[in-house]
Amino acid sequence: MKKVIKYLRPYWVFALLCPLAMILEVAMDLVQPQLMSDIINNGILGSGPMDENLAYVVKTGLFMLMYSLIGCAGGIASAAFGTVTAQKLGNDMRKDTFNKVMHLSFQQTDKFTTGSLVTRLTNDITQIQQFVAMSLRMFVRTGMQFIGGIACLLMLNVNFGLVIAVSLPVQLAVVTLIMRRAAPLFGIVQDKLDKVNSVVQENVTGARVVKAFTREEYEIDRFDRANTDLMTTNLRVQRLIAILNPILMVVMNASVIAIILIGGLQVEARAMDVGSVMAAVTYITQILMSVMMVGMMFQQVSRAMASAKRVEEVLDTQPVIADGDSADSEITEGRVEFKNVSFSYPGFGGKPVLKSINLTAEPGQMIAVLGSTGCGKTSLVNLIPRFYDCTEGEVLIDGVNVKDYEIDKLRGKVGVVLQKSELFSGTVSENIRWGDDGAPDDEVHRAAEIAQADSFIQGFNEGYDTMISEKGASLSGGQKQRMSIARAILKKPKILIFDDSTSALDLSTEAKLHAALRENLKDVTVIMIAQRIASVMRADKIAVIDNGTICAFGTHAELMETSDVYRDIYYSQMKEEGV
Ligand code: UTP
Ligand code: MG
């Protein structure tokens, strides 16, 4: 909750005006029963002549109307100030939380899960907003109605104190009892909502796979389970809350009857007039209504506390991958060195995925990384742009530990073509410009030419202005790979990493790509992961990875002489291709 108050601070003027306007509304509400009592006593039941009585009714009635208009204006102003405060606060909070999410490292977002982050950013912040808007108005309203109501009631007749003395403790006990049982459920509701969001998110993004495997029924079932789970918990909360108001209403009605009873006796004894009894009924209703409001507020407070805790968890997470100290270190050459690097994924049972890796890529060299699936190739290159940090040893670029660079400077010079091409909805050139927003058209075309993408893009009806659908669904696998390569090239990196990014290209296109890279990116260090020997033969050096270690390193010719593993891979692949 501390964070909520921090976010409220910039809007303190609105936050202050809201309850002030509310005071006006409640004050007018408190005056009304008194005026009504006057109308009854001096107007309707007045002892004067008929037309005088009527004139009194009209005059006082006009006052009542005026007061209620003032009250109405106060109410509107209060709602407006409250809403502005809540919306602005929510907007700031959402912005900061989103910002935080963007800077979390992979392992941290994995821990929260995507579905939960979505709920926290949307539903949880909405809960906090509703709480702020309501509490700014209701705390004042309830407090004034409660204290003001009691004071007015006792002023009418102290005997009414008896009714308050009995009904208030009963109401408070009911509210406390029910809310204590409901409060812990609010956090659980949000967790269940996370699950629903996770299933939706996974299925919407993976719609194609779901269809390909005709898993619709299974997934609908999975969604059903999460959804029913959410409903059950919500129902448990709502059941508790459903019994709250009717019980409070019973207490309230009983209190009204008691007031009429006591009032009647007082009228009989000529200690009170009828109008005052009517006013007393209105006051007791206001007092007990305010206790009902407290019940509602408890509900909102517990909801908001659960949500605030969840949002604060995100806001308080410190990104484990943060900027290094050497702010002025720049990558100028692109020499990559792995020194005794070991790495294990958090939560992978601490089992090392990479063990004592030593590897150097000189500026301008093309180093290929070859190895069976799951041997740790992607994990190895992920350490260069610090998608993860190594657990032992160090990764150096131009002699400086990658952890010492500013993240933006580091990633700005490392181009990565991921194993899975991710494109975004937009035109072809917009997608390539992800590498560099401001690049002129001819640079975009040049990058596409090197990536062997220019020819197929020119073949599209609208060329570079062709729209690509979400996730690049309108392109073939090989086209997506080449677009991703063009995007990385446009960035003008010093180090360019291809993670199996030519797997969907035929051998001749791949050969053309290699030649273009050699010719145009002479001083760029290229690290190329591949499964096919044909893809790596032309590299300056090839690192063969087996089970997380480099088991052989050298040129194709050298490895054919010295490495059994390499020779095995070579012959098995050549056999497959019928050579
Ligand atoms: P890699 O993803 O590094 O393997 O995973 P790879 O060599 O690139 O494999 P291919 O060729 O793309 O298929 C190495 C090991 O790390 C684990 C995997 O289970 C694998 O055994 N791993 C990977 C994790 O534990 N967590 C991850 O987030 C990724
Ligand atoms: Mg991989």
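Throughout what follows, the structure given in this document is the object of discussion. Note that the structure is a prediction, hence the values are computed from the model and not measured.

1. Looking at the site of ligand 1
Residues in contact with ligand 1 amount to 13 residues; listed here are only the nearest, Thr373, Lys377, Thr378, Ser379 and Gln419. The side chain of Thr373 places a nitrogen or oxygen atom 2.6 Å from an oxygen atom of ligand 1. Measuring from an oxygen atom of ligand 1, one finds a side-chain N or O atom of Thr378 at 2.6 Å. Among the residues forming the shell around ligand 1, the class breakdown is five nonpolar, seven polar and one charged.

2. Looking at the packing of helix 8 (residues 216–268) against helix 9 (residues 274–316)
Two elements in contact, helix 8 and helix 9, have axes separated by 9 Å at closest approach and are oriented at 160°. In terms of orientation, helix 8 and helix 9 fall into the roughly antiparallel class. Along this stretch, helix 8 crosses helix 9, giving a crossing that reads as right-handed. Considering only residue class, the contact of helix 8 with helix 9 consists of 18 nonpolar, seven polar and one charged.

3. Overview of the sheet that holds strand 2 (residues 354–361)
Reading across the sheet, the four strands line up as 2-1-4-5 and stay open at both edges, with antiparallel pairing between neighbours. Among the strands making up the open sheet, the edge pair consists of strand 2 and strand 5 (400–401). For strand 1 (residues 336–343) and strand 2, the ladder comprises five bridges, and the chain directions are antiparallel. Its bridge partner being in strand 2, Phe343 is matched across the sheet by Leu354.

4. With respect to the pattern of salt bridges
A pair can form between side chains of opposite charge whenever their charged atoms are brought close. For the structure shown, the criterion picks out 23 salt bridges. The shortest N-O distance in the salt bridge between Arg120 and Glu313 comes to 2.8 Å. Of the two residues, Arg120 is situated in helix 5 (residues 114–156) and Glu313 in helix 9; the sequence distance between them amounts to 193 residues. Taking relative accessible area as the criterion, Arg120 reaches 8% and is therefore assigned buried. When its relative accessible area of 39% is taken as the criterion, Glu313 is described as partly exposed. Between Arg518 and Asp540 there is a salt bridge whose closest N-O contact spans 3.4 Å. Of this pair, Arg518 sits in helix 16 (residues 507–520) while Asp540 is found in the loop between helix 17 (533–536) and strand 11 (541–546), placing the two residues 22 residues apart along the sequence. What you see here is one network of salt bridges that share partners, running through Asp124, Asp191, Asp194 and Arg310.

5. Side note on the side chain of Ser116
Considering the arrangement of structural elements, one finds Ser116 in helix 5. Engagement of the side chain of Ser116 in a polar contact is seen with the side chain of Asp194, the distance being 2.9 Å. Residues contacting Ser116, with those up to four places away along its chain left out, are Asp194, Ser198 and Arg310.

6. Looking at the pairing of strand 4 (residues 392–397)
Sheet topology places strand 1 next to strand 4; five bridges connect them, and they run antiparallel. Paired with Ser342 across the bridge in strand 4 is Glu392. Alignment of strand 4 against strand 5, held across two bridges, turns out to be antiparallel. Residue pairing in the sheet places Ile397 in a bridge with Val400 of strand 5. Counted along the chain from strand 4 to the antiparallel partner strand 5, the turn is two residues long, and its residue Asp398 has a positive phi close to 50°.

7. Focus on the coordination of the magnesium ion (ligand 2)
The coordination sphere of the magnesium ion (ligand 2), as far as protein atoms go, consists of Thr378 (OG1) and Gln419 (OE1), spread over 1.9 to 2.3 Å. Separated by 41 residues along the polypeptide, Thr378 in helix 10 (residues 377–382) and Gln419 in the loop between strand 6 (414–417) and strand 7 (426–427) bring together distant segments of the chain. For Thr378, a relative accessible area of 27% corresponds to the partly exposed category. Looking at Gln419, the relative accessible area reads 43%, which means it is partly exposed.

8. Here's the deal with the state of the cysteines
Evaluation of the coordinates by the stated rule reveals zero disulfides. In this structure Cys18 is not part of a disulfide, and its nearest cysteine sulfur, from Cys72, lies 15 Å away.

9. A word on the packing of helix 5 against helix 9
Running from N to C, helix 5 and helix 9 cross one another at 155°; their axes reach a closest spacing of 6 Å. With respect to their mutual orientation, helix 5 and helix 9 come out roughly antiparallel. In this structure, helix 5 crosses over helix 9, and the sense of that crossing is left-handed. Counted by class, the contact of helix 5 with helix 9 contains 26 nonpolar, 12 polar and five charged residues.

10. Points about helix 16
In this model helix 16 runs 20 Å from its N-terminal to its C-terminal C-alpha over 14 residues, within 8% of the 20 Å that 1.5 Å per residue would give. For helix 16, the complete set of buried residues consists of Thr509, Glu510, Leu513, His514, Ala516 and Leu517. An end-on view of helix 16 places all buried positions within 165° of arc, on one side of the element. Among the structural elements, strand 3 (366–371), helix 13 (441–450), helix 15 (477–490), strand 9 (495–499), strand 10 (525–530) and helix 17 are those in contact with the buried residues of helix 16.

What counts and what doesn't
- Residues numbered from 1 in each chain as written.
- Chains lettered and ligands numbered in written order.
- Predicted model: local features only at pLDDT ≥ 70, side-chain atom pairs only at ≥ 80, totals over all residues.
- Heavy atoms only, no water.
- Near = heavy atom within 4 Å.
- Polar contact = N/O pair within 3.5 Å; in protein donor to acceptor, adjacent residues only side chain to side chain.
- Nonpolar A, V, L, I, M, F, W, Y, C, P; charged D, E, K, R; others polar.
- Axes fitted to C-alpha atoms, helices over the stretch in contact; angles between N-to-C directions.
- Helix = DSSP H or I, 4+ residues; strand = E, 2+ residues; numbered from the N terminus.
- Parallel < 35°, antiparallel > 145°, perpendicular 65-115°, else oblique.
- Left-handed = near helix turned anticlockwise from the far one by under 90°.
- Pairing = 2+ DSSP bridges.
- Salt bridge = Lys/Arg side-chain N within 4 Å of Asp/Glu carboxyl O.
- Buried < 20%, exposed > 50% of the residue type's maximum accessible area, 1.4 Å probe, protein only.
- Contact = heavy atoms within 4.5 Å.
- Donors = N, O, S within 2.8 Å, 3.2 Å for Na, K, Ca; no water.
- Disulfide = S-S within 2.5 Å.
- Expected span 1.5 Å × (residues − 1).
- Arc of directions from axis to C-beta.

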